[in-house]
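Breakdown of the fold
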Amino acid sequence: MFKTFLVNVRRNELIKPYFSLNSKSLYHAFEDLSKDAFRVYIYLADHRKNAQICVSKATAMAELNISEESFDKGIEELSKKRYFIKFNDYYDFYEVPLTESEANYLIEKRNKPIN
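Here's a quick rundown of the structure. (Residues numbered from 1 in each chain as written. Predicted model: local features only at pLDDT ≥ 70, side-chain atom pairs only at ≥ 80, totals over all residues. Heavy atoms only, no water.)

Looking now at the pattern of salt bridges. Applying the stated rule across the entire model yields 7 salt bridges. The partner of Glu68 in a salt bridge is Lys57, and the shortest N-O contact between them spans 3.0 Å. You can see Glu68 sitting in helix α4 (residues 68-80) and its partner Lys57 sitting in helix α3 (residues 57-64), a full 11 residues away along the chain. Here Glu76 and Lys80 are joined by a salt bridge, their closest N and O atoms 3.5 Å apart. Of the two residues, Glu76 and Lys80 both sit in helix α4, 4 residues apart, roughly one turn of that helix. Looking at Glu76, the relative accessible area reads 45%, which means it is partly exposed. Several salt bridges converge on common partners, so that one network encompasses Asp32, Glu77 and Lys81. (Salt bridge = Lys/Arg side-chain N within 4 Å of Asp/Glu carboxyl O. Helix = DSSP H or I, 4+ residues; strand = E, 2+ residues; numbered from the N terminus. Buried < 20%, exposed > 50% of the residue type's maximum accessible area, 1.4 Å probe, protein only.)

Of note, Ser70 is situated in helix α4. Residue classification places Ser70 among the buried positions, given a relative accessible area of 16%. Side-chain polar atoms of Ser70 contact the side chain of Asp36, separated by 3.5 Å. (Polar contact = N/O pair within 3.5 Å; in protein donor to acceptor, adjacent residues only side chain to side chain.)

A pair of packed helices is captured by two measures, namely the crossing angle of their axes and the spacing between those axes. For the pair α3 and α4, interaxial distance at closest approach is 10 Å and the crossing angle is 105°. The orientation of α3 relative to α4 falls into the category roughly perpendicular. In this structure, α3 uses Lys57, Ala60, Met61 and Leu64 to contact α4, whose residues at the interface are Glu68, Phe71 and Asp72. (Axes fitted to C-alpha atoms, helices over the stretch in contact; angles between N-to-C directions. Parallel < 35°, antiparallel > 145°, perpendicular 65-115°, else oblique. Contact = heavy atoms within 4.5 Å.)

This paragraph deals with α4. Taking 1.5 Å per residue as the helical rise, α4 with its 13 residues ought to reach 18 Å, and the 18 Å between its terminal C-alpha atoms agrees with that figure. Among all positions of α4, only Ser70, Phe71, Gly74, Ile75, Glu77 and Leu78 are buried. Within α4, the buried residues cover an arc of 165° as seen down the axis, which keeps them to one side. In α4, the exposed positions that point more than 90 degrees away from the buried face belong to Glu69 and Lys80. Positive backbone phi, approximately 65°, marks Arg82, located one or two places after α4. (Expected span 1.5 Å × (residues − 1). Arc of directions from axis to C-beta.)

The following block contains the structure:
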């Protein structure tokens with residue numbers, strides 16, 4: 001195989017909706033996550049920055065063509081690896097996982113009762 005070679009990339013024109021993600025984030029997630037977790041990651045990342053979305057588990061499972069068990073395992077792994085953080089009554093999804101100290105800080109700060 002050649003050490004270097006020229007490739008002409010032939011892509012379709014970008015027509016909304018289209019997927020766009022930082023390539024380093026994508027490569028990291030691909031290497032870091034299991035197949036199920038990566039599929040859920042892509043599903044969540046396929047929204048604009050700072051979007052607030054309502055995720056229907058049934059719809060997500062149908063779009064990803066995965067079982068409930070696979071979806072749940074994906075969410076669990078994303079949570080363990082700090083891509084997906086639970087607060088009082090909502091979740092945040094991060095394209096790049098938080099460090100443990102970042103996650104703990106946010107959880108403590110956002111889960112404080114409002115007086």
